[in-house]
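# A structural walkthrough
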Amino acid sequence: MASTQFELEMLGGAATSRLRRRRPAVDHLPWGTVDPATFTPEGLIEARKVWTNGVFTEYASAAAFTAMAGAFLECGAPIDLSAAAADIVVDELDHAEIASRLVMELGGAVPYHADLALVSPLTTPGVSPIVRAAEIAITTSCVGEALSVSALSKSLAATEHPLVSGVLDHLLADEGPHSRVGAWFLIWAADKLSLGDRAHLATVALDAIAVYAPLWSDARCVSCEAPGALGGLAVSSHARVMVDAVRMRVARPLARLGIDLDGERLDALLPAA
Ligand SMILES: [Fe+2]
Ligand SMILES: [Fe+2]
């Protein structure tokens, strides 16, 4: 499938009712409280970009946790752990719906092309089921979700808007466990991973961190920041938050789990303090 405009669809009826019974928060957020007249047209467009991208990242997270749940089942992980990964898929789909409703309040999505056939995480061909599961646990939970907790906390601190803070608060409440499920897996798998597996996983973690480097790059556009009230983050503080998060929320916890990242390569990925 080629890259096409990314759009979400709800089936409605019994499928929506089932989702609402399990994730009712969407019905309790203060929709209809964004007054576009209180923001500049440029600021609104930047906020629509931020949240359109947010809808896609939530959708991609659902695909990543789906792959994680499958990989956990394929390596015989404890079933409550596999259930946690599968349940998080529904959290992420709930987040995708909420973020898309926020985009609609801001004036609608901006053009966003994606090839959904490529949305699931890639793993190293030929590795054992347990290493494949560990790769997804690390890239999705220990790196991706851990960095998302920091970014969302910072965004939440920057807004007092009832709807935007309500949305961020809801997303953030779920992201904590999302960022820990990878560690739960690595603790369970500790005696099943060889030294060679751990060295391989450390490289996978660094590769995953490198993907986020644009978040702390100097090249980010300072003039196109979305308003803090609508969930935007100031470029300079965002970079600092992300660099701290890589060291404190990703590298250090992974080291405690026996996945030691190469210090030199990590330093090369991050700007000097
Ligand atoms: Fe999410
Ligand atoms: Fe998440």
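Look up a bit, the structure's there.
The notes below deal with the structure included here. (Residues numbered from 1 in each chain as written. Chains lettered and ligands numbered in written order. Predicted model: local features only at pLDDT ≥ 70, side-chain atom pairs only at ≥ 80, totals over all residues. Heavy atoms only, no water.)

### Quick notes on the overall build of the protein chain
The test is simple: Strands here mean DSSP runs of E at least two residues long; helices mean DSSP runs of H or I at least four residues long; both are numbered from the N terminus. Just to be clear, the radius of gyration here is over C-alpha atoms, and the globule rule we use is 2.2 Å times residues to the power 0.38. Per-residue and other accessible areas were derived by the Shrake-Rupley procedure at a 1.4 Å probe size, with only the shown protein chains allowed to occlude residues.
Looking only at helices and strands, the protein chain has 8 helices and 2 strands in total. In sequence order, the secondary structure elements of the protein chain are arranged as β-α-α-α-β-α-α-α-α-α. For 273 residues, the compact-globule estimate of 2.2 N^0.38 gives 19 Å, and the protein chain sits close to it at 19 Å. In terms of principal-axis extent, the alpha carbons of the protein chain reach across some 60 × 50 × 35 Å. Carbon and sulfur atoms make up 59% of the accessible area of the protein chain, which amounts to about 13200 Å² in all.

### Section: the coordination of the iron ion (ligand 1)
In plain terms, the rule: Any nitrogen, oxygen or sulfur atom within 2.8 Å of a metal ion counts as a donor, with the limit raised to 3.2 Å for Na, K and Ca, and since water is left out, coordination shells can look unfinished. A site with four donors is called tetrahedral when every donor-metal-donor angle falls between 85 and 135 degrees; four donors are called square planar, and six octahedral, when opposite donors sit more than 155 degrees apart and all other angles fall between 65 and 115; any other arrangement is irregular. Three labels apply to residues, based on accessible area from a 1.4 Å probe with only protein chains included: buried if under 20% of the type maximum, exposed if over 50%, partly exposed otherwise in between.
Taken together, Glu58 (OE), Glu92 (OE), His95 (ND1) and Glu175 (OE) make up the full set of protein donors to the iron ion (ligand 1), lying 2.0 to 2.6 Å away. Bound by 4 donor atoms, the iron ion (ligand 1) shows angles of 85 to 134° at the metal and therefore irregular coordination geometry. Written as a sequence motif, the donor residues of the iron ion (ligand 1) are E-x33-E-x2-H-x79-E. Between the two metals, the iron ion (ligand 1) and the iron ion (ligand 2), the spacing is 3.2 Å, and Glu92 donates to both. Of this pair, Glu58 sits in helix α2 (residues 41-74) while His95 sits in helix α3 (residues 79-105); the two residues are 37 residues apart in sequence, bridging distant segments of the chain. Given the relative accessible area of 0%, His95 is considered buried.

### Describing the packing of aromatic side chains
For clarity, the threshold we go by: Pairing of aromatic rings covers Phe, Tyr and Trp, the last through its six-membered ring, and needs centres within 6.5 Å; plane angles under 30 degrees mean stacked, over 60 mean edge-to-face, and all others mean tilted. Here, a charge over a ring is recorded when the distance from Lys NZ or Arg CZ to the ring centre is within 6 Å and its angle to the ring normal is within 35 degrees.
Applying the stated criterion across every chain yields a total of 6 aromatic pairs. The interplanar angle of 90° and the centroid separation of 5.2 Å between the aromatic rings of Phe6 and Phe56 together place this pair among those described as edge-to-face. Separated by 50 residues along the polypeptide, Phe6 in the loop between β1 (4-5) and α1 (13-22) and Phe56 in helix α2 bring together distant segments of the chain. Residues Phe6 and Phe56 agree in their burial class; the two are buried. Centroid distance Phe72 to Phe185: 4.6 Å. Interplanar angle 5°. Geometry classified as stacked. You can see Phe72 sitting in helix α2 and its partner Phe185 sitting in helix α5 (residues 162-188), a full 113 residues away along the chain. Like Phe72, the residue Phe185 is buried in the burial classification. Among the aromatic residues, those joined into a cluster by ring pairs are Phe6, Phe56, Tyr59 and Tyr112. In this structure, Lys192 is placed above the aromatic ring of Trp188, and the distance from its NZ or CZ to the ring centre is 4.3 Å.

### Looking at the packing of helix α4 (residues 129-157) against helix α6 (residues 195-211)
Put simply, the rule reads: Every axis in this analysis is a line fitted to C-alpha atoms, fitted for helices over the stretch in contact. Angles between the N-to-C directions lie between 0 and 180 degrees. Take the far helix as the reference: if the near one is turned anticlockwise from it by less than a right angle, the crossing is left-handed, and if turned clockwise, right-handed. A contact between two residues is defined here by any heavy atoms of the two lying within 4.5 Å. In this count, Pro and Cys sit with the nonpolar residues alongside Ala, Val, Leu, Ile, Met, Phe, Trp and Tyr, while Asp, Glu, Lys and Arg are called charged and the others, Gly among them, polar.
Contact geometry of α4 with α6 gives a least axis separation of 10 Å together with a crossing angle of 35°. Relative to α6, the crossing made by α4 is right-handed. Listed contacts from α6 to Val131, Ala134, Glu135, Ile138, Thr139 and Val143 of α4 are Asp197, His200, Leu201, Val204, Ala205, Ala208 and Ile209. For the contact of α4 with α6, the per-class residue count stands at 9 nonpolar, 2 polar and 2 charged.

### Quick look at the coordination of the iron ion (ligand 2)
Looking at the iron ion (ligand 2), the protein donor atoms are Glu92 (OE), Glu145 (OE), Glu145 (OE), Glu175 (OE) and His178 (ND1), and they sit 2.0 to 2.7 Å from it. Donor residues binding the iron ion (ligand 2) come from one chain and are separated in sequence as E-x52-E-x29-E-x2-H.

### Re the pattern of salt bridges
For clarity, the threshold we go by: Put simply, a salt bridge is a Lys or Arg side-chain nitrogen that is within 4 Å of an Asp or Glu carboxyl oxygen.
Tallying each qualifying case throughout the model produces 9 salt bridges. The shortest N-O distance in the salt bridge between Glu46 and Lys49 comes to 3.2 Å. One end of the pair is Glu46 and the other is Lys49, both in helix α2 and 3 residues apart, which spans about a single turn. Each of Arg20, Asp27 and Glu97 takes part in a single network of salt bridges with overlapping partners.

### Brief notes about α1
Quick note on the threshold: It is the directions from the helix axis to the C-beta atoms that the arc portrays.
For α1, the full list of buried residues reads Thr16, Leu19 and Arg20. What you see down the axis of α1 is that its buried residues fit within an arc of 100°, all on one side. Facing away from the buried side of α1 by more than 90 degrees, the exposed set consists of Ala14 and Arg21. On its buried face, α1 is in contact with α3.

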